[in-house]
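Chain by chain, the residues run as shown.
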Amino acid sequence: MSGQGEMTVWEKSMSFVSTYVFSRDHKIIGLQFLFSTLLWFLVGGLLALGIRWQLAWPWSNMPVIGPMLFSAEGGQISPEFYTTLFTMHATVMIFFVIIPILAGAFGNYLIPLMIGADDMAFPTLNMLSYWLMWPAFLLIGASFFTAPYGAGGGWTSYPPLSAMVEAAPGSMSAQTLWLLGITFVGFSSMMGSVNYMTTIIQMRAPGMTMFRLPMTIWGMFITAILQAFALPVLTAAGVMQLTDRMFGTGFFIPENLVVNNSVAASGGGQPLLWQHLFWFYSHPAVYIMILPAMGMVSDMIACFARKPLFGYKPMVYSISGIAGLGFIVWGHHMFVSGMNPVLGMTFMVSTMMIALPSAVKTFNWLGTIWGSQIRFTTPMLFSLSFVAMFIIGGLSGIFMAATPVDIFIHDTYFIVAHFHYVLFAGTAMAVFGAIYFWFPKMFGRMMNETLGKIHFFLTFIFLNGTFYTMHILGAVGFPRRLADPYDYPTFAHLQPLNEFMTVCAILMVASQVFFAFNFIYSIFFGPAVGRNPWRCNGLEWTAPSPPGHGNFDFQPIVYRGPYEYGSPEADEDYYPQTEAPPKEAPVVAPAH
Amino acid sequence: MGRYWSMLFLLIPILGVLTFVCAIADIWPMNGGAFAFPRNHWLPENINDHGHVIDSLFTFILYLTGVIFIGTSSALFWFMWKYDADRNTQPIRYTHGSHNLEIIWSILPAAALLFIAIYQMNAWADAKLRRPTEVVANREVLQKPFVRVTGRQFEWRLRYAGEDGEIGTRDDVHLVNDLHVPLDKEVVIQIESEDVLHSFFLPNLRVKQDVVPGMTQFTWFRANKAGVYDIVCAELCGWGHYKMRGRMTVEPEDQFKQWLAQKFEEQEKSGTTPDSGE
Ligand SMILES: [Cu+2]
Ligand SMILES: [Cu+2]
């Protein structure tokens with residue numbers, strides 16, 4: 001220990017490390033997640049461009065990036081590398097971007113602030129959940145650079161292709177590293193979800209009943225429950241596949257398999273078992289990747305419509321319904337997998353039913369802006385486009401839920417169109433909106449509105465140019481994951497349409513420059529703001545911007561729900577959750 | 001500015017519907033207009049007697065979702081246009097929801113979705129559950145496959161039942177990637193995998209079935225137009241997945257029988273029976 005105020009260099013650096021590196025403060029951890037995931041977002045986007053390049057101009061030399069990555073082939077994408085590209089694109093986007101940016105970045109940052117807590121229930125566990133992402137980053141990064149090619153089993157990693165080393169000779173240790181990486185992501189998410197559930201149940205401020213929670217928190221809460229119950233299944237399945245690869249257990253390898261002229265050492269397993277276990281997690285994961293976004297969009301729409309959220313309770317029941325039904329629909333990924341077709345019928349009915357809560361939510365968002373006073377800010381534009389795009393992604397889902405139609409469109413670009421509308425046009429756009437919205441809270445400064453609107457406009461145009469046309473490809477039956485689909489006479493004529501899509505995709509990625517510049521510039525030079533620049537009701541807007549350690553400089557007491565905009569009871573057009581009602585006025589906030 | 005943003009959102013239903021109309025009706029720019037798009041950006045020609053059901057279900061869902069899409073996205077546009085804070089001087093409608101509306105917009109979609117699900121079941125059963133039957137010795141039995149298709153990295157190995165109609169006997173004909181099918185005849189195909197997952201996809205017949213090592217599966221159809229069509233592998237099976245392409249020739253039955261007999265003769269002459277003991 002040093003004397004008063006005097007710190008040695010060692011202690012100074014140690015305190016820097018414990019404040020900003022191995023921090024246990026939920027806000028720092030949230031920002032660490034945010035920065036890491038945004039960087040990976042860039043990586044995932046560039047990988048997508050590699051895929052798009054090959055589909056537009058197969059086997060042609062990729063400019064600039066090509067010679068850097070594969071000089072041996074003269075900058076040309078090899079078929080092996082193509083499988084690695086789409087495997088890594090999906091892996092990075094799902095496990096390193098969407099899931100951690102929603103739960104890790106926004107979940108961490110917002111949960112304590114929005115429920116009026118000073119931190120998470122388990123700060124150390126929280127810190128670990130971030131630092132366990134690093135082994136995953138390193139392992140999956142290493143798998144990408146493992147000679148001669150990276151993991152090439154698709155993000156779904158279906159055995160026997162993934163479980164047998166002989167099946168994909170190029171991905172020897174890469175696939176093993178990939179599996180280990182996913183296991184670490186699982187540990188990280190597990191710690192996060194335990195923490196979120198406990199925090200939301202135990203640490204709400206006085207007066208913050210469950211039905212006064214903002215939709216963002218409901219989204220995070222349901223997501224945490226889904227994670228906690230579904231993830232162990234994936235982790236177990238991953239370990240089983242790992243032992244199949246390394247120790248010859250044969251959980252997923254059938255008897256007497258001859259792959260690539262070598263006989264499998266083990267057998268007696270079932271490849272379909274993996275698919276059941278994998279989708280038992282990965283279907284709920286679809287909701288893990290959208291529910292928090294829906295919550296954040298609900299909060300932003302109510303705030304900028306200056307009107308209470310329409311149908312708060314039906315919204316809550318809807319996402320709870322999604323959580324329940326989400327566990328009994330996984331078979332819709334397996335209609336043509338060889339699974340018993342009778343089972344397919346059951347899954348079709350449950351899958352059709354899960355579309356219902358989504359419909360209810362959409363109608364309620366429309367109900368919210370009906371008769372409102374819309375402020376067209378950047379976060380509002382992103383939120384409204386979330387609703388518009390989610391309508392497209394939701395409706396296209398009905399096609400594949402219908403089993404006979406799915407026979408034709410399964411594994412075609414129709415599916416690719418569908419999930420990009422939900423995950424990119426939906427979730428990613430909501431995340432952009434949320435960044436513009438909560439940026440002033442995180443950094444005490446505003447992002448530039450004009451740049452934000454340019455960013456929105458360009459992204460919106462080009463994302464539709466890229467993804468909407470995929471429906472058309474899908475209608476022709478254009479399959480996914482083919483390095484050169486034009487070899488088939490049925491699809492040869494689709495190359496010009498693919499070129500158009502690739503041009504749109506390149507421009508879409510390029511448009512993100514406006515975001516990157518705005519984000520970095522505004523952290524340092526954006527105009528400083530007070531606590532509540534958007535005039536919102538949520539608890540987080542009563543804390544300083546950015547909030548200090550412990551978040552609130554007073555004890556928040558909650559008197560109402562978060563959507564009291566335009567209330568006749570209030571003088572302003574908003575009515576913060578902490579503002580005491582005029583009559584009863586208990587005035588003092590008791591110190592704790 | 002609110003007006004411009006609303007108009008941007010109006011483009012969603014307009015361009016969204018227009019894209020599909022152009023693709024279905026094969027009109028500009030989907031027919032050699034901008035970007036030199038060639039023709040035919042819609043479902044490939046269906047040549048399976050049982051495929052029409054799938055196409056009409058697809059179209060049915062397309063129209064149904066199309067109406068909902070136009071309705072909801074136009075409503076979104078209209079609300080944005082009308083309730084722009086810069087122009088709308090009306091105070092907000094201070095409401096927390098409507099019980100009746102919630103009930104209506106829960107029950108209507110639920111009924112529609114349930115209807116779609118039940119409406120599909122027969123087509124699904126026809127495609128995957130009700131394998132054709134034939135009458136043998138006065139008993140109705142499941143129809144035997146005339147060919148066994150085995151997926152392996154990265155080709156389709158075919159084993160035709162010879163004259164005796166049984167697969168696994170000495171008169172079988174072994175070929176690779178060259179599937180011939182008799183015209184206007186209900187046929188059953190046995191599909192298997194030797195190594196990893198593949199998917200036996202016949203776009204023109206609306207047939208798709210993953211092949212799984214360790215499982216024997218059957219698929220059936222009735223091709224009604226002679227010609228040469230693609231066999232596509234639709235499940236990732238390794239680096240060569242994209243080149244796992246087969247060819248399917250549909251021809252009148254007598255031609256088919258002739259062709260098969262000729263192939264058998266060639267096989268006998270060369271004496272190369274690709275390991276029939278597998
Ligand atoms: Cu699913
Ligand atoms: Cu394949």
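Everything that follows concerns the structure shown earlier in this document.
Residues numbered from 1 in each chain as written. Chains lettered and ligands numbered in written order. Predicted model: local features only at pLDDT ≥ 70, side-chain atom pairs only at ≥ 80, totals over all residues. Heavy atoms only, no water.

Participant: Please set out the overall build of chain A residue by residue, giving values where relevant.
Facilitator: Broken down by element type, chain A carries 17 helices and two strands. Its C-alpha radius of gyration of 25 Å places chain A within 12% of the 25 Å reference for a compact globule of 592 residues. Referenced to the eigenvectors of the C-alpha coordinate spread, the extents of chain A come out at roughly 80 × 65 × 45 Å. Per-residue burial for chain A yields a buried fraction of 67% across its 592 residues. Taking contacts inside chain A between residues at least 6 apart in sequence as the whole, the part at least 24 apart equals 77%. With an accessible surface of roughly 19100 Å², chain A has 70% of that area assigned to carbon and sulfur atoms. Counting 21 positive and 26 negative side-chain charges, chain A places the centres of these two groups 10 Å from one another. (Helix = DSSP H or I, 4+ residues; strand = E, 2+ residues; numbered from the N terminus. Rg over C-alpha atoms; globule rule 2.2 N^0.38 Å. Buried < 20%, exposed > 50% of the residue type's maximum accessible area, 1.4 Å probe, protein only. Contact = heavy atoms within 4.5 Å. Areas by Shrake-Rupley, 256 points an atom, 1.4 Å probe, with all protein chains shown as cover. Lys, Arg positive; Asp, Glu negative; His and termini not counted. Charge placed at Lys NZ, Arg CZ, Asp CG, Glu CD.)

Participant: Give a description of the pattern of salt bridges that names residues and reports values.
Facilitator: Pairing is possible between side chains that carry opposite charge, provided their charged atoms lie close to one another. On inspection of all chains with the given rule, the structure shows 24 salt bridges over all chains. Here B:Glu268 ties to B:Arg170 by a salt bridge, and the two come within 3.0 Å at their closest N and O atoms. Here B:Glu268 is found in helix H4 (residues 253–270), whereas its partner B:Arg170 is found in the loop between strand E4 (155–160) and strand E5 (173–176), with 98 residues between them in sequence. Note on B:Glu268: relative accessible area 38%, which makes it partly exposed. Taken together, the shared-partner salt bridges connect A:Arg306, A:Arg375, A:Arg535, A:Glu572 and A:Asp573 into one network. (Salt bridge = Lys/Arg side-chain N within 4 Å of Asp/Glu carboxyl O.)

Participant: Please provide a residue-by-residue account of the packing of aromatic side chains, values included.
Facilitator: With the rule as written, the count across this model stands at 87 aromatic pairs over all chains. Aromatic pair A:Trp134 and A:Phe137: ring centres 5.2 Å apart, planes at 80 degrees, arrangement edge-to-face. In this pair, A:Trp134 and A:Phe137 are both assigned in helix H6 (residues 133–145), three residues apart and thus about one turn of the helix distant. A relative accessible area of 33% means that A:Trp134 is categorised as partly exposed. With relative accessibility at 6%, the residue A:Phe137 sits in the buried group. Taking NZ or CZ as reference, B:Lys208 lies 4.0 Å from the ring centre of B:Phe201, over its face. (Phe/Tyr/Trp six-rings, centres within 6.5 Å; stacked < 30°, edge-to-face > 60°. Lys NZ or Arg CZ within 6 Å of the ring centre and 35° of its normal.)

Participant: Account for the sheet that holds strand E7 (residues 186–193) of chain B, naming residues and giving values.
Facilitator: Residues and elements named next belong to chain B. The sheet built from five strands is open, its strands ordered E5-E4-E3-E7-E10 with mixed pairing. Each edge of the open sheet carries a strand with a single partner, namely E5 and strand E10 (217–222). Averaged over all adjacent pairs, the angle separating strand axes in this sheet is 25 degrees, with direction ignored. The sheet contact formed by strand E3 (residues 147–152) and E7 spans five bridges and is parallel. (Pairing = 2+ DSSP bridges. Axes fitted to C-alpha atoms, helices over the stretch in contact; angles between N-to-C directions.)

Participant: With reference to specific residues and values, describe the interface of chain B and chain A.
Facilitator: On the chain A side, the residues contacting the 101 residues of chain B number 111 residues. Of the roughly 9100 Å² buried at the junction of chain B and chain A (both faces included), carbon and sulfur atoms supply 75%. Sorting the residues of chain B by area buried against chain A places B:Trp5, B:Trp124 and B:Tyr242 first, and these three jointly supply 9% of that buried surface. Put simply, chain B and chain A have zero salt bridges between them. The interface formed by chain B and chain A contains 23 residue pairs in polar contact (both at pLDDT 80 or more). Mapped by element, the contributors of at least two residues to the side of chain B that touches chain A are helix H1 (2–25), helix H2 (51–82), helix H3 (99–128), strand E9 (207–211) and strand E11 (227–233) of chain B. If one sorts the elements of the side of chain B that touches chain A by residue count, H3(B) sits on top with 17 residues. The residue inventory of the side of chain B that touches chain A, partitioned by class, reads 62 nonpolar, 25 polar and 14 charged. (Buried area = accessible area lost by both parts, 1.4 Å probe. Polar contact = N/O pair within 3.5 Å; in protein donor to acceptor, adjacent residues only side chain to side chain. Nonpolar A, V, L, I, M, F, W, Y, C, P; charged D, E, K, R; others polar.)

Participant: How would you explain the coordination of the copper ion (ligand 2) if you had to name every residue and give the values?
Facilitator: Residues and elements named next belong to chain B. Coordination of the copper ion (ligand 2) by the protein is provided by Cys233 (SG), Glu235 (O), Cys237 (SG) and His241 (ND1), with metal-donor distances spanning 2.1 to 2.8 Å. One can describe the donor arrangement at the copper ion (ligand 2) as tetrahedral, given that its four donor atoms subtend angles of 85 to 134 degrees at the metal. For the copper ion (ligand 2), the donor residues sit on a single chain with the sequence spacing C-x1-E-x1-C-x3-H. The exposure class of cysteine 237 is buried, given its relative accessible area of 0%. (Donors = N, O, S within 2.8 Å, 3.2 Å for Na, K, Ca; no water. Tetrahedral: all angles 85-135°; square planar, octahedral: opposite > 155°, others 65-115°.)

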